[in-house]
Amino acid sequence: VAQPEGTIQVSTWGRGVYQLESPTSNPANSEACGLTNIRNQTVNGSVSRTGCFSNTTSFPTPVKRYVFTGIAGQLVNIRATATAFDAYLQLIGPDGSLLLEDDDSAGSNNPQLPTNTGEFFTLPQNGNYIVEVAAVSSTASGAFTLRLDGPFTPVKLDDGTFETALGGAGAT
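Residues numbered from 1 in each chain as written. Predicted model: local features only at pLDDT ≥ 70, side-chain atom pairs only at ≥ 80, totals over all residues. Heavy atoms only, no water.

Asker: So what's going on with the overall build of the protein chain? Residues and values would help.
Answerer: The secondary structure content of the protein chain amounts to zero helices and 14 strands. Reading the helices (α) and strands (β) of the protein chain from amino to carboxyl end gives β-β-β-β-β-β-β-β-β-β-β-β-β-β. Counting over 172 residues, the protein chain shows a buried share of 35%. A sequence separation of at least 24 residues applies to 67% of the contacts in the protein chain between residues at least 6 apart. (Helix = DSSP H or I, 4+ residues; strand = E, 2+ residues; numbered from the N terminus. Buried < 20%, exposed > 50% of the residue type's maximum accessible area, 1.4 Å probe, protein only. Contact = heavy atoms within 4.5 Å.)

Asker: Would you mind going over the pattern of salt bridges in detail, with residue names and values included?
Answerer: What the rule picks out here adds up to three salt bridges. R65 is the partner of E132 in a salt bridge, and the nearest nitrogen-oxygen pair spans 3.5 Å. Here R65 lies in strand 5 (residues 63-70) and E132 lies in strand 11 (residues 127-135), a separation of 67 residues in the sequence. The exposure class of E132 is buried, given its relative accessible area of 1%. For R65, a relative accessible area of 10% translates into the label buried. (Salt bridge = Lys/Arg side-chain N within 4 Å of Asp/Glu carboxyl O.)

Asker: Break down the sheet that holds strand 7 (residues 87-92) for me, citing the residues and quoting the values.
Answerer: As summarised here, the arrangement of the five strands in space is 3-5-11-7-8, forming an open sheet in which the pairing is mixed. Pairing within the sheet leaves two strands with one partner each, and these edge strands are strand 3 (36-37) and strand 8 (98-102). (Pairing = 2+ DSSP bridges.)

Asker: I'd like a rundown of the packing of aromatic side chains, residues and numbers included.
Answerer: All chains considered together, the criterion is met by three aromatic pairs. Seen in terms of ring centroids, F68 and Y129 are 5.4 Å apart; in terms of plane orientation they differ by 10 degrees. Their pairing is stacked. Of this pair, F68 sits in strand 5 while Y129 sits in strand 11, placing them 61 residues apart in sequence. Both residues of the pair, F68 and Y129, belong to the buried class. Note on F120 and F152: the rings are 5.4 Å apart at their centroids and 80 degrees apart in plane angle, and the pair reads as edge-to-face. Within this pair, whereas F120 is found in the loop between strand 9 (112-113) and strand 10 (121-122), its partner F152 is found in strand 12 (residues 142-152), the two being separated by 32 residues in sequence. Residue classification places F152 among the buried residues on the basis of a relative accessible area of 5%. (Phe/Tyr/Trp six-rings, centres within 6.5 Å; stacked < 30°, edge-to-face > 60°.)

Asker: Describe the nonpolar core, naming the residues involved and giving the relevant values.
Answerer: Counting residues in hydrophobic clusters, the biggest one holds 25 residues, and the most contacted among them are I78, L91 and L146. Breaking this core down by element, the ones donating at least two residues are strand 4 (41-47), strand 5, strand 6 (75-82), strand 7, strand 11 and strand 12. If near-sequence neighbours (up to four positions away) are discounted, I78 is found in contact with L89, L91, P111, Q112, L113, V131, L146, R147 and L148. Core analysis: the second largest hydrophobic core is formed by five residues, C33, C52, V63 and A134 among them. (Core = buried A, V, L, I, M, F, W, Y, C linked by side-chain atoms within 4.5 Å.)

Asker: Provide a residue-level description of the pairing of strand 5, including the pertinent values.
Answerer: Judged by how many residues are buried, strand 5 sits mostly within the fold: six of eight residues are covered. Two elements, strand 3 and strand 5, share two bridges in a ladder whose sense is parallel. From the neighbouring strand, N37 faces strand 5, where its bridge partner is V67. Relative to strand 11, strand 5 is paired through eight bridges, and the arrangement is antiparallel. Across the sheet, the residue bridging to R65 is E132, located in strand 11.

Here it is, written out as structure tokens:
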């Protein structure tokens, strides 16, 4: 009997049939994982060993995925905070390429993108961007808070700096 990829069926000689699934049978880009829209806001989420798993990390790890639409040249800043597990952030571009990733640059096992506090990342193209909040360990689970500032278009000031839509100084 053909089984879906990542599925093993075990028969126990008349005592039932059990189906085992590896974490990779539920990849982060599957329909079951879905995407939550986010834009210039803070959201609470969680990762679980029984939920979705990232297919962009070097090993399967629990993940929650968010999506936002951006335009080339717009700025974003992304931060995650978790106390129950070591959080990891990834920003994936509209073409599926990994643009940025971070583990602990915000301190206390918390990631931020870009990795320098207060800086913004300039989006390279138009389209839908995916933010993955993942656990560093494949057995970790717990709650987290994700903050996305942007995307927004900077306004160049007379002194050569940029004013953000959030009212603070941005990139130069």
